[in-house]
Amino acid sequence: MMLQQRRRAIGALVAAAGLVAGALAVAPHAAAEPQALTASAAPALPFGSHQIPYADGTLRPSGSQSAIDQQVIGKYREWKAAFVRQNCGNGWYETISPDADHPYVGEGQGYGMVITALMAGADTDAKKIFDGMVKYVLAHPSSNNPGLLAAEQDSSCKSVDGSDSATDGDLDVAYGLLLADRQWGSSGTYDYKNLAVKHINAIKKSEVNPTTHLMLLGDWSTPGESHYWISRSSDWMADHFRAFKSATGDASWDTVRTVHQKLIASQQSKYASSTGLLADFVVTTNSTPKPASGKVLESTHDGDYGWNACRDAWRIGADAVTGGDSVSRDSARKLNAWIKSKTGGDPSKIATGYHLNGSAFDSGKDMAFTAPFAVAALTDPGSQAWLDALWGRLTTTPVEPKIYYGASVQLQSMIVVSGNYWVP
């Protein structure tokens, strides 16, 4: 569900226009306390409270915690103004995605729910917005499994292209509901916990391959379908699988988590021993999993570190710092060590696409590629200067209203790096 070629073109235009300057950013290390956007009921884990510590040894950007939190709030304000909408009535809130296939995509709704739940307390309209996003999701069920979200809607918010699902969006929708249950409880307009468990069970039924226990691309990929033995590396969200096990008590999520972690490690070892990079898509998962050779879904770079896999350093790193797991930590450190060396410690040299051997196949610049490496950097005690350089890049790169994808990855990476991420 990614428009890879369009995103590459837009990213190049943004770079050419010089929009990676810092003119609109919150000043680094500004001595200000986080400030709420409006007034409403307080959540249990408000942004900036840092009630759930990260694993021992996890880095944090230099400077005061309050200044770091304020920088995230500033970026959230930019992101919200650019992408949170009420365009279709019905009490819905939507995350708009101008650089995707359609104005509204499942991935975007998942991002919106996770971000809104985590930013509660900084934006005390968060619950109202979140509930509007839940209402939108419930109004757009997949045609294959109504417990899942139809992945694409047009400008009228009507589901299109078969109304089937995309796994990444569903994983974040379920995760967002669990965050909401922890934040606000489930006795309000929506029983978040019940909705989350239903969504998790639907994911298990229709988006987990029962043979390999790996994530399918969506509920449209069924036995006999040509993509059934293909998995997208950016769907390998180990922290989500931890949360799903905790919420449901279903031990199969432990299996799903372990299988994905082992696959990450083996793919890094076999196909990217010097870089740790993962392919957008891994094929033949029923026999010998390997990077795609040429186009299998989106582009000729499906076997490279492209517009899907660019999120992997964020996802793997987030699991490492919140869970203290050595497998995820080691995988994240491989990515961090390579990119730090590749760029000579200069984040501006991170490109929009690499072959697994580390050679770049594109020269563009985009936060979707840069920001996740800041999360991986958290796992290496020897990377403080590198982390600070990345943080400076993230905080001084303004949100471009036409680049929903990069901006959403940027903000979520900043939430993790600032110590404001947690696993329900």
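Residues numbered from 1 in each chain as written. Predicted model: local features only at pLDDT ≥ 70, side-chain atom pairs only at ≥ 80, totals over all residues. Heavy atoms only, no water.

**Some remarks on the overall build of the protein**
For step 1, the next point in the chain: Secondary structure summary: the protein contains 13 helices and seven strands in total.
For step 2, the next point in the chain: Relative to the 2.2 N^0.38 estimate, which gives 22 Å for 424 residues, the radius of gyration of the protein is 19 Å and therefore close to what a compact globule would have.
For step 3, the next point in the chain: Taken across its 424 residues, the protein has 60% of its residues classed as buried.
For step 4, the next point in the chain: Restricting to contacts in the protein with at least 6 residues of sequence separation, those with at least 24 account for 70%.
For step 5, the next point in the chain: As presented, the protein carries roughly 14,300 Å² of accessible surface, and 52% of it is formed by carbon and sulfur atoms.
For step 6, the next point in the chain: The centroid of the 36 positive side-chain charges in the protein is displaced by 2 Å from the centroid of its 41 negative side-chain charges. (Helix = DSSP H or I, 4+ residues; strand = E, 2+ residues; numbered from the N terminus. Rg over C-alpha atoms; globule rule 2.2 N^0.38 Å. Buried < 20%, exposed > 50% of the residue type's maximum accessible area, 1.4 Å probe, protein only. Contact = heavy atoms within 4.5 Å. Areas by Shrake-Rupley, 256 points an atom, 1.4 Å probe, with all protein chains shown as cover. Lys, Arg positive; Asp, Glu negative; His and termini not counted. Charge placed at Lys NZ, Arg CZ, Asp CG, Glu CD.)

**Looking at the packing of helix α9 (residues 312–323) against helix α11 (residues 367–377)**
When two helices pack together, their arrangement is given by the angle between their axes and by how far apart the axes lie.
For step 1, the next point in the chain: The contact between α9 and α11 brings their axes to 7 Å, and the two run at 25 degrees. In terms of orientation, α9 lies roughly parallel with respect to α11. For the element pair α9 and α11, the recorded crossing hand is left-handed. Contact with α9, carried on its side by Ala313, Trp314, Gly317 and Ala318, involves Pro372, Phe373, Val375 and Ala376 of α11 and no other residues of that element.
For step 2, the next point in the chain: When its residues are assigned to classes, the contact of α9 with α11 shows seven nonpolar, one polar and no charged. (Axes fitted to C-alpha atoms, helices over the stretch in contact; angles between N-to-C directions. Parallel < 35°, antiparallel > 145°, perpendicular 65-115°, else oblique. Left-handed = near helix turned anticlockwise from the far one by under 90°. Nonpolar A, V, L, I, M, F, W, Y, C, P; charged D, E, K, R; others polar.)

**Notes on the state of the cysteines**
A covalent bond bridging the sulfur atoms of two cysteines is what the word disulfide describes.
For step 1, the next point in the chain: One pass over the structure, following the stated rule, counts one disulfide.
For step 2, the next point in the chain: Here Cys88 pairs with Cys157 through a disulfide, and the sulfurs are 2.1 Å apart. Residues Cys88 and Cys157 are joined by a disulfide whose S-S torsion is about 80 degrees; by sign, that bridge is right-handed. Taken together, the residues span a long stretch of sequence, with Cys88 in the loop between β1 (84–85) and β2 (94–95) and Cys157 in the loop between β4 (152–153) and α5 (167–184) at a distance of 69 residues. As far as burial versus exposure is concerned, Cys88 and Cys157 are alike and both buried. (Disulfide = S-S within 2.5 Å.)

**A closer look at the confidence of the model for the protein**
Detailed reading of predicted coordinates is not advised where the pLDDT is low.
For step 1, the next point in the chain: For the protein, per-residue confidence averages 92 on the pLDDT scale, and 90% of positions sit at 70 or higher.
For step 2, the next point in the chain: When the criterion is pLDDT under 50, residues 1–40 qualifies, and its contacts beyond four places in sequence or with other chains add up to 102 contacts. (pLDDT = per-residue confidence, 0-100.)

**Notes on the pattern of salt bridges**
For step 1, the next point in the chain: The final tally for this structure, using the stated rule, is 15 salt bridges.
For step 2, the next point in the chain: Between Asp125 and Lys128 there is a salt bridge whose closest N-O contact spans 3.9 Å.
For step 3, the next point in the chain: A salt bridge links Asp319 to Arg257, with the nearest nitrogen and oxygen atoms 2.8 Å apart. Taken together, the residues Asp319 in helix α9 and Arg257 in helix α8 (residues 252–271) connect sequence positions 62 residues apart. The burial state of Asp319 is the same as that of Arg257; both residues are buried.
For step 4, the next point in the chain: Salt bridges here are not isolated pairs; linked through shared partners, they connect Arg242, Arg257, Asp319 and Asp325. (Salt bridge = Lys/Arg side-chain N within 4 Å of Asp/Glu carboxyl O.)

**Quick look at the side chain of Asn209**
For step 1, the next point in the chain: Counting through the fold element by element, Asn209 comes out in the loop between α6 (192–207) and β5 (231–232).
For step 2, the next point in the chain: What makes Asn209 buried here is its relative accessible area of 1%.
For step 3, the next point in the chain: Within the local environment of Asn209, its side chain forms a polar contact with the backbone nitrogen of Thr212, the two atoms lying 3.2 Å apart.
For step 4, the next point in the chain: Apart from the residues lying within four places of it in its own chain, the contact partners of Asn209 are Leu214, Leu216, Tyr228 and Trp229. (Polar contact = N/O pair within 3.5 Å; in protein donor to acceptor, adjacent residues only side chain to side chain.)

**Observations regarding the packing of aromatic side chains**
For step 1, the next point in the chain: Within this structure, the stated rule accounts for 20 aromatic pairs.
For step 2, the next point in the chain: Both rings, one in Phe130 and one in Trp184, keep their centres 5.8 Å apart while their planes meet at 55 degrees; by these two values the pair is tilted. Here Phe130 is found in helix α4 (residues 126–138), whereas its partner Trp184 is found in helix α5, with 54 residues between them in sequence.
For step 3, the next point in the chain: The class of Phe130 is buried, set by a relative accessible area of 0%. (Phe/Tyr/Trp six-rings, centres within 6.5 Å; stacked < 30°, edge-to-face > 60°.)

**Brief notes about helix α7 (residues 238–248)**
For step 1, the next point in the chain: Among all positions of α7, only Ala238, Asp239, His240, Phe241, Ala243, Phe244 and Ala247 are buried.
For step 2, the next point in the chain: The inward-facing, buried residues of α7 abut α5, α6, α8 and α9.
For step 3, the next point in the chain: Immediately beyond the C-terminal end of α7, within one or two residues, lies Gly249, with a positive phi of roughly 75 degrees.

**Comments concerning empty space enclosed by the protein**
For step 1, the next point in the chain: Taken as a whole and assessed by the stated rule, the structure comprises five cavities of 30 Å³ or more.
For step 2, the next point in the chain: Around the second largest cavity, the lining is made up of 13 residues, and of these Ser49, His50, Gln51, Asn420 and Trp422 lie nearest the centre.
For step 3, the next point in the chain: Partitioning the lining of the second largest cavity into residue classes produces seven nonpolar, six polar and no charged. (1 Å grid on protein atoms, 1.4 Å probe; cavity = no way out; pocket = protein on both sides within 12 Å on 5 of 7 lines; lining within 4 Å. Points joined across faces, edges and corners; volume = space filled by probe spheres on them.)

**Regarding the environment of His240**
For step 1, the next point in the chain: Within the secondary structure layout, His240 lies in helix α7.
For step 2, the next point in the chain: Overall, His240 belongs to the buried group, its relative accessible area being 0%.
For step 3, the next point in the chain: Note: C-alpha distance between His240 and Val423 (183 residues apart in sequence) is 7.6 Å.
For step 4, the next point in the chain: Not counting chain neighbours up to four residues away, the residues in contact with His240 comprise Leu171, Asp172, Tyr175, Arg315 and Tyr421.

**Structural notes on the packing of α5 against α6**
For step 1, the next point in the chain: Put simply, α5 and α6 touch, their axes get as near as 8 Å, and they point 155 degrees apart. Classified by the interaxial angle, the pair formed by α5 and α6 is roughly antiparallel. Between α5 and α6 lies a crossing whose hand is left-handed. Along its contact with α5, which presents Thr167, Asp170, Leu171, Val173, Ala174, Leu177, Leu178, Ala180, Asp181 and Trp184, the element α6 presents Tyr192, Lys193, Leu195, Ala196, His199, Ile200, Ile203 and Glu207.
For step 2, the next point in the chain: Taken together, the residues of the contact of α5 with α6 break down into 12 nonpolar, two polar and four charged.

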